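Structural features, examined
Each chain, written out:
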Amino acid sequence: MNTQELDLSLSRVERRLFLKNSSLFALGATAAIGLAAPGRALAGKAKMSETDDLAILNVALGLEYQAIAAYQVGAESGLLQKPVLDVAVKFQGHHKAHAEVLAGTIDKLGGKPVMAMSAADYQFPVAQLKDQADVLRFAAGLEKGAASAYLGAVPQFSNRELARAAASILGDETMHWAILLNALGEDPVPAAFIG
């Protein structure tokens with residue numbers, strides 16, 4: 001399989017995973033309008049509630065669990081060289097910290113945190129990961145997807161403190177994405193906006 005076919009396959013996996021988490025995008029419909037025209041302020045934000053905040057937090061928690069599992073698959077693949085493996089493990093640690101805070105926040109707000117799935121349940125394209133670049137490209141795609149999901153979620157929170165926390169995680173996801181792109185020899189900041 002060539003690089004272009006792998007990219008297309010990974011894009012299909014990302015779309016499938018994000019469609020599974022459609023509740024985030026349903027809640028983020030207003031944000032999508034604003035993202036269609038970067039730089040334009042969002043107008044007419046729908047009234048959200050703590051129940052909606054909990055739903056968003058649980059989708060974010062699910063994405064963090066997915067990232068933890070993906071980095072574990074990458075670490076166990078035997079395809080990552082020592083310095084890259086160290087970075088992957090560090091990024092996995094960041095995702096574990098995000099998950100811990102999200103789960104704790106959901107508990108504190110009286111919700112029930114979603115449970116992590118097994119790596120196999122995510123149906124990662126493990127058979128298509130043939131070398132370090134494949135693993136990095138896969139991880140970069142997931143980080144970009146996570147950044148886009150947080151971007152859609154931030155303006156949807158009714159609780160501004162939750163929005164601030166999600167924005168902080170968004171920043172971390174974009175840094176991961178940029179570092180992975182750089183490790184691939186690609187432009188680490190390919191556009192002025194993410195979306």
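Small disclaimer: the values here were computed from a predicted structure and weren't measured. (Residues numbered from 1 in each chain as written. Predicted model: local features only at pLDDT ≥ 70, side-chain atom pairs only at ≥ 80, totals over all residues. Heavy atoms only, no water.)

Glancing now at the pattern of salt bridges. Between side chains of opposite charge, a pair can form as their charged atoms come close. Within this structure, the stated rule accounts for three salt bridges. In this structure, the salt-bridge partner of Lys82 is Asp86, at a minimum N-O distance of 2.9 Å. Taken together, the residues span about one helical turn, with Lys82 and Asp86 both in helix α5 (residues 82-108) at a distance of four residues. Between Glu186 and Arg137 there is a salt bridge, with the nearest N and O atoms lying 3.5 Å from each other. A residue pair is termed long-range when its members are at least 10 positions apart, and Glu186 in the segment after α7 (160-183) and Arg137 in helix α6 (residues 132-153) qualify at 49 residues. With a relative accessible area of 34%, Glu186 lands in the partly exposed category. (Salt bridge = Lys/Arg side-chain N within 4 Å of Asp/Glu carboxyl O. Helix = DSSP H or I, 4+ residues; strand = E, 2+ residues; numbered from the N terminus. Buried < 20%, exposed > 50% of the residue type's maximum accessible area, 1.4 Å probe, protein only.)

Time to look at the packing of α6 against α7. At a minimum axis distance of 8 Å, the contact between α6 and α7 shows a crossing angle of 155°. With respect to their mutual orientation, α6 and α7 come out roughly antiparallel. Two packed elements cross with a definite hand, and for α6 against α7 that hand is left-handed. Contact with α6, carried on its side by Leu136, Ala139, Ala140, Glu143, Lys144, Ala146, Ala147, Tyr150 and Leu151, involves Ala166, Ile169, Leu170, Glu173, Thr174, His176, Trp177, Leu180, Leu181 and Ala183 of α7 and no other residues of that element. Partitioned by chemical class, the residues of the contact of α6 with α7 number 14 nonpolar, two polar and three charged. (Axes fitted to C-alpha atoms, helices over the stretch in contact; angles between N-to-C directions. Parallel < 35°, antiparallel > 145°, perpendicular 65-115°, else oblique. Left-handed = near helix turned anticlockwise from the far one by under 90°. Contact = heavy atoms within 4.5 Å. Nonpolar A, V, L, I, M, F, W, Y, C, P; charged D, E, K, R; others polar.)

Right, let's get into the nonpolar core. Among the nonpolar cores identified, the biggest contains 42 residues, and Leu61, Leu102, Phe124, Tyr150, Phe157 and Leu180 are the most heavily contacted of them. It is helix α4 (residues 50-76) that contributes the most residues to this core, eleven residues altogether. Contacts of Tyr150, omitting those with residues within four sequence positions, involve Ala60, Glu64, Leu102, Ala166, Ile169, Leu170 and Glu173. (Core = buried A, V, L, I, M, F, W, Y, C linked by side-chain atoms within 4.5 Å.)

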